[in-house]
Every structure is written in structure tokens, then in C-alpha cells.
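Descriptive structure summary
Residues per chain, in single letters:
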Amino acid sequence: MTSPTDERPAGAREGDAASCPAAPETFSGNRGLDIEEPLLFTLGSSQKTGVDLPEPRGLAPRLDGVARRGPIGLKGLSEPETLRHYVRLSRRNYAIDSGIFPLGSCTMKHNPRLNERVARLPGFADVHPLQPQQTVQGVLALMDMLSHWLLTMTGLEAVALSPKAGAHGELCGMIAIKAAHEASGEAERRRVVLVPESAHGTNPATAALLGYRVRAVPADSDGTVRAEAVAEVLGEDVAALMLTNPNTCGLFERDVVEIARLVHEAGAYFYCDGANLNAILAKARPGDLGVDAMHINLHKTFSTPHGGGGPGSGPVVFSKALAPFAPLPRVVRDGETFHLVEHDGRADGGGDTRQRPFGRLTAFHGQMGMFVRAMAYMLSHGSDGLRQASEDAVLNANYLRASLRDVMSQPFGDRICMHEVLFDDAFLKGTGVTTLDFAKALIDEGFHPMTIYFPLVVHGALLIEPTESESRASLDQFIASLRALAEAAKAGDRDRFLAAPRLAPRRRLDETRAARKPVLRWMAPEPARAAE
Ligand SMILES: *Cc1c(COP(=O)(O)O)cnc(C)c1O
């Protein structure tokens, strides 16, 4: 077997550990009980297997001559080796269950275990999407209840539960907008979508995917979009404005009502990126702000697991004007019975003629497990609890802001933020330390870094979203590390940053090389291949 050092991915720096007294090189390559783990291809052998089945006897081949003749060289492992491999890898995961995960814009909050418990109830977990509807009435009732609460909280008219993530929801909302313009005969003329420069990359990508041209809306020096700036770029060629509120700088768009009025006056629709709903839930209703379509990331606002932890879910809510174009399927209540409407009634002359669904977005009805978790979250919090969660999310972000404002710099002055606080790299000026170095050093301190270099409108952005589920003690620890690092950078301790992370299983990677020359295929080292 090769030595563990050889397993380091391309670009890992050698020798960093030697310069760091806390992490001496070991003979084994392991670091304490953090055990070095090679790839399965290196670890396994084609001579081994974890299962021991007798050769099937008396089975006539039915593959008509295309059956494999020789072994294909797949590597095998014994059962204990397999188990250890995956357990060791799992210990490399950093998760919201292991510590603060302050990724701005991602809302990495605690996933209450009650939600998990409810989602595992066999009546929810063990049903099949093709089961007859009368056998899954409880599931449909839950979808109906979830729809009801999403509409109540957003003040909108209709909801599509099927989109499977925020970006998928954007696509859903924008297809509905396109369908509405097609229905009114204006699709040919309206070819432009307005997107502020601070938007998440998925916004312009969604517009471009649907064939729209993206026109940027500049932000004011205070980080928000002025109604006048929107008026300037609005025209008869505009199909929609995509605006995030609170925006990606963590600021509430103060002109939002006036912006919505201008957009509607110009015959366009207002798509709101609802990824930051956690700041305003149960405080403000997007419907009252003039929103026509908005996705809700259940995996952000309503605590369903995400990242490596689970599938997302991005229901879209629609205004009265767009409701008829919402996609299928749709849950309809008829007395005590629920129906999943799966077909466009217009095709065979029946159905609800007010509905003009644009089609469907997914094979089935969406991410059922996430619906159950989100519903459990809503019911266990109640409306007062949801409001408190929003307030606490904002309070926590401002606690961080106020605690760090003397050592870290804010791009738009020292003003109250929403659920996330944005810093820029002005405080690192002249230190030789970049935003990336600073974030990497945070890994050595035992923290997952914040979102960096986003939003793009801010130089060297560091976007921190602590969420409401961090305690004061946890925030204080995080603040103490950020302060100490900021002070170390200013004091000229540059080496600490350039070599970071020194204590992680992998050191600093050559990110440029990884992006330009990714190694996507494992190749056996020469001698090992000869031995096979
Ligand atoms: C997370 C996010 C999205 C995309 O949502 P996904 O569920 O990751 O597809 C879009 N916009 C903003 C502002 C976001 O934070």
C-alpha cells in the first residue's frame, strides 16, 4: 500500500505541518485518532469481496450471448473494512450538528429532531407516489395544510409544492411569468429580466435559461436598490424583475413597495427570491409588498436538512395574477376528501377553466419528506414561535455585527442588518492576508467559514448568517475567534493565514489547479496496475 501522504490530493502542501508545532508529522500519517483514509480504489482489491454467495447452479444464461465473460476488476473490501471506510469518512463531515455553520445566505439552522421523528412515521415514509389517492389521504391532507400555511404566511394566492430547490423554484416562477405573458400576447416583446447586481447567481442563470436577456439594476451606495434606479431600466421589453428581499447584503429593500408598483405599471411581474425569508417570516408578508411569485426554501427557513444532509424543497407561491399558471399537480379539497389534480382539464374540455397550468415540473409531487419536516417545524413553533425565530435570527446577526464592528469593516456603514451581517476586506488592507486566507484560518479554529466573495458587489465579502439557533455562548466563542484572527492579521502574523488550514485533514488546496485541471478519474499507480 502507498503511504498516506501519497493520497493527498493534487495541490496539498507538503511540509506545512512541520512548521506548525501543534501538528507534528506522525509515522503512520494519522493524526491522533483522526485516521488517514485512502480511496476505496486504493484500499480495495479485486481479489476481495464482502459477500460470500455460492455460484448459482443450473441457471441457463438468458442474455443471448451478451453476458460478461471475465471479471471487470472492480475492487472489493471485506465487511469490516467497508464499515470502517465509511465511518472514517463520515467523521470528516462538518455539519450543523457538530458546530456553528455561519454560511451567509444558506440559513444553516438546527434541524429539530422532532421533525425527523415525524418524517419517519411509516404512514409518511413508506408510501409510494403511485399509490391510489384514497390510500394516501393523510399525505394529501398534509400537503394541503402546508399549502395553507405557506399562503397564510406569505399573503399570496396559490402554491406549487413540487419544485425541489430554490433554483428550481425560480425556474418554476419564471416559467409561470413567461406563460402569463404568452397568454396576453406580450411574450414576443418582453425579452428582458431585470436583476440587481447583488443577486444570487441562480437569478440571472434562471432568466438566461428561459431565453431572457438580463439587464442589471445598480444598487445605491447604501447597498439597496432605489425605485428610481428600477424606473430607469424598466421598459416595454421587460418581462419581470427578480429581487431578493432582504437582499444578499443582509439589508431590507426599503423601496420594495414602490418598486413593485413601478414594475406592475410597466406590465411586468415581480419575482422575489425568497431565500432570505427567515428574516421576515411572520413579520412581513411578501404578498403585501407586491410580490407576484416567490420561492420558499423549506430547507432554509423551515429547517429541513440541506447541504450534504438531504434534498431541498422550494415551493413557489403566486399572486392572483399568476395563480392560474401555476404548474400541476395541485391538491384540491372536496369536503373531507383530497384530490391530487394531475391533468390539465382544458385538454378534454373539463376541469376548472380558470386554470391554465404551464405543465409540470417534476415527475411526482415534490419532496414529501421535506413537507413533513417543514410542517412539523411550523406546528411546533406556532405563529408566535415563528415570529420569535425571525426576530432572534436578526438579533443574533446584529449581536455579531456590534461585537465585531471595531475590528472588522462593513461596506455600507454601521447600520442595523437583517438576519446576516456583511463585512468587506477593508480591515485586511495592508496585512497581506486575503478574505480567503482569513476564512481558511477559521477552519483551524474549529469553525466552518462564512460565505466569502459573495455578494460580488462588495470587495472581498465575508457574509455571516448565524441563525436563531445559536446560543449566546456559541456566538461569543465564534466572535472571540474572529476578533483574535482579525487582530493577528493586523499584528502581521501573516504565516498563520497563508498556511491555513494547518490542522484539517487536508491542507490548503491549489484551487486554481483544481478548477482548471480537475482529476476526475482515478488511475491505478503504475506498479499496482502491473501487479493486478
Ligand atoms: C440558497 C439561495 C438560492 C438557491 O436555492 P437552492 O435551494 O440552493 O437552489 C437562491 N437565492 C438565494 C439568495 C439563496 O440564498
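Just so you know, these numbers come straight off a predicted model, no measurement behind them.

A word on the sheet that holds strand β2 (residues 192-196)
Strand order in the open sheet formed by 7 strands is β1-β7-β6-β5-β4-β2-β3, with mixed pairing between adjacent strands. Of all strands in the sheet, those bounded by a partner on one side alone are β1 (158-160) and β3 (213-217). Here the strands of the sheet are splayed against their neighbours by 20 degrees on average, with no regard to which way each runs. As defined by bridge partners, β1 adjoins strand β7 (residues 316-318) across 3 bridges and the pair is classed as antiparallel. From the neighbouring strand, A158 faces β7, where its bridge partner is F318. Its contacts with the sheet place helix α6 (residues 166-183) against β1, β2, β4 (238-244), β5 (269-273), β6 (293-295) and β7, and it is angled at close to 175 degrees to β5. Here helix α9 (residues 256-265) sits on the sheet in contact with β4 and β5, set at roughly 140 degrees to β5.

What to know about the sheet that holds strand β10 (residues 421-423)
Overall, antiparallel pairing links the 3 strands, which are arranged β10-β12-β11 in an open sheet. Two strands bound the open sheet, and with one partner strand each, they are β10 and β11 (451-452). Bridging between β11 and strand β12 (residues 462-464) involves 2 bridges; their strand directions are antiparallel. Of the residues in β12, the one forming a bridge with T451 is L463. Lying on the sheet, helix α11 (residues 368-404) is in contact with β10 and β12; it crosses β10 at an angle near 30 degrees.

A closer look at α6
When the terminal C-alpha atoms of α6 are compared, their 26 Å separation across 18 residues agrees well with the 26 Å that a helix rising 1.5 Å per residue should span. Looking at α6, one finds that the buried residues are G166, G169, E170, L171, C172, G173, M174, A176, I177, A179, A180 and H181. Count one or two residues on from α6 and you reach G185, which has phi positive near 75 degrees.

As for the environment of S403
Among the structural elements, S403 can be located in helix α11. Sequence spacing of S403 and L475 is 72 residues, and the spatial spacing of their C-alpha atoms is 9.9 Å. Look past the residues within four positions of S403 in its chain and what remains in contact with it is I479 and R483. Within polar-contact distance, the side chain of S403 engages the backbone oxygen of Y399 at 2.6 Å.

Quick notes on the site of the ligand
In the region of the ligand, the neighbouring residues are S105, A165, G166, A167, E170, H200, T202, D273, A275, N297, H299 and K300. Residue G166 places a main-chain N or O atom 2.7 Å away from an oxygen atom belonging to the ligand. In the model, an oxygen atom of the ligand is placed 3.1 Å from a nitrogen or oxygen of the N297 side chain. Burial of the ligand by the surrounding chains reaches 86%, relative to a free accessible area of 380 Å². Every element with two or more residues in the shell around the ligand is listed here: α6 and α10 (298-301). Looking at the shell around the ligand residue by residue, the class counts come to 3 nonpolar, 6 polar and 3 charged.

A short note on a nonpolar patch on the surface
Together, L40, Y86 and L89 give the surface a local cluster of nonpolar side chains, amounting to about 250 Å² of exposed area. Of note, L89 is situated in helix α2 (residues 79-90). Since its relative accessible area comes to 34%, L89 is described here as partly exposed.

With respect to the packing of α6 against helix α7 (residues 202-209)
At their nearest, the axes of α6 and α7 sit 9 Å apart, and the two run at 45 degrees to each other. Put simply, α6 runs oblique to α7. Crossing handedness for the pair α6 and α7: right-handed. In this structure, α6 contributes A167, E170, L171 and M174 to the contact, and α7 contributes T202, N203, T206 and L209. Of the residues that constitute the contact of α6 with α7, the class distribution is 4 nonpolar, 3 polar and 1 charged.

Quick notes on the nonpolar core
Counting 58 residues, the largest nonpolar core has M143, L146, L150, L194, F270 and F302 as the members making the most contacts within it. Contributions of two or more residues to this core are made by α5 (137-154), β2, α8 (227-233), β4, α9, β5, β9 (337-341) and α11. Of the residues forming this core, the biggest block, 10 residues, is contributed by α11. Each of two domains, domain 2 (114-375) and domain 3 (383-516), supplies a minimum of three residues to this core. Leave out the neighbours within four places in its chain, and M143 touches L161, V331, L340, H365, M368 and F371. Judged by nonpolar contacts, the second largest core, of 29 residues, contains F427, L485, A488 and A489.

Let's talk about the confidence of the model for the protein chain
In the predicted model, the protein chain carries a mean pLDDT of 91, and the fraction of residues at 70 or more is 93%. Every residue in residues 1-22 is under pLDDT 50, and counting partners more than four places away or in other chains gives 39 contacts.

Some details on the packing of α11 against helix α13 (residues 472-490)
For the pair α11 and α13, the least separation of the axes is 10 Å and the interaxial angle reads 35 degrees. In the crossing of α11 with α13, the sense of the turn from one axis to the other is right-handed. Facing N396, Y399, L400, S403 and L404 of α11, the residues of α13 in contact are R472, L475, D476, F478, I479, L482 and R483. Class assignment for the residues of the contact of α11 with α13 results in 7 nonpolar, 2 polar and 3 charged.

The rules behind each value
- For every chain, the first residue of the written sequence is number 1, and numbering continues from 1 along that sequence.
- For a predicted model such as this one, the threshold for reporting local features is a pLDDT of at least 70, and the threshold for listing and counting side-chain atom pairs is 80 or more; totals across whole chains, interfaces and linings nevertheless cover every residue.
- Only hydrogens and water are removed before side-chain values are computed, so all heavy atoms of the structure are retained for them.
- The pairing criterion is simple: DSSP has to find at least two bridges between the two strands.
- Secondary structure elements are defined from DSSP: runs of H or I of at least 4 residues count as helices, runs of E of at least 2 residues count as strands, and each element is numbered from the N terminus.
- Axis definition: a line fitted to C-alpha atoms, limited for helices to the stretch in contact. Angles are taken between N-to-C directions and run from 0 to 180 degrees.
- For this analysis, residues touch if any pair of their heavy atoms sits within 4.5 Å.
- One less than the number of residues in a helix, times 1.5 Å, gives the span that helix is expected to have.
- Each residue is placed in one exposure class: buried if its accessible area under a 1.4 Å probe, protein chains only, is under 20% of its type's maximum, exposed if it is over 50%, and partly exposed if it falls in between.
- Whenever a nitrogen or oxygen atom comes within 3.5 Å of another N or O atom, the pair is scored as a polar contact, on the condition that within protein one atom can donate a hydrogen and the other can accept it, and that pairs from neighbouring residues in sequence are kept only if both atoms are in side chains.
- The rule for a residue being near a molecule or strand is that one of its heavy atoms must lie within 4 Å of it.
- For the area figures, the Shrake-Rupley method with a 1.4 Å probe applies, and any residue is considered shielded solely by the protein chains shown.
- Classes in brief: Ala, Val, Leu, Ile, Met, Phe, Trp, Tyr, Cys and Pro nonpolar; Asp, Glu, Lys and Arg charged; the others, Gly included, polar.
- Only residues above 30% relative accessible area that lack a salt bridge enter a patch, with like-charged residues linked at up to 9 Å and the nonpolar side chains Val, Leu, Ile, Met, Phe, Trp and Tyr linked at up to 5 Å.
- Whenever Lys or Arg places a side-chain nitrogen within 4 Å of a carboxyl oxygen from Asp or Glu, that contact is recorded as a salt bridge.
- Angle categories: roughly parallel below 35 degrees, roughly antiparallel above 145, roughly perpendicular from 65 to 115, and oblique for all the rest.
- The crossing is said to be left-handed when, going from far helix to near helix, the turn is anticlockwise and less than a right angle, and right-handed when the turn is clockwise.
- Throughout this description, the term nonpolar core refers to a set of buried Ala, Val, Leu, Ile, Met, Phe, Trp, Tyr and Cys residues connected via side-chain atoms within 4.5 Å.
- Start and end positions for the domains come from either an automated domain assignment or a database one.
- Per residue, pLDDT captures the predictor's confidence, and it can take any value from 0 to 100.

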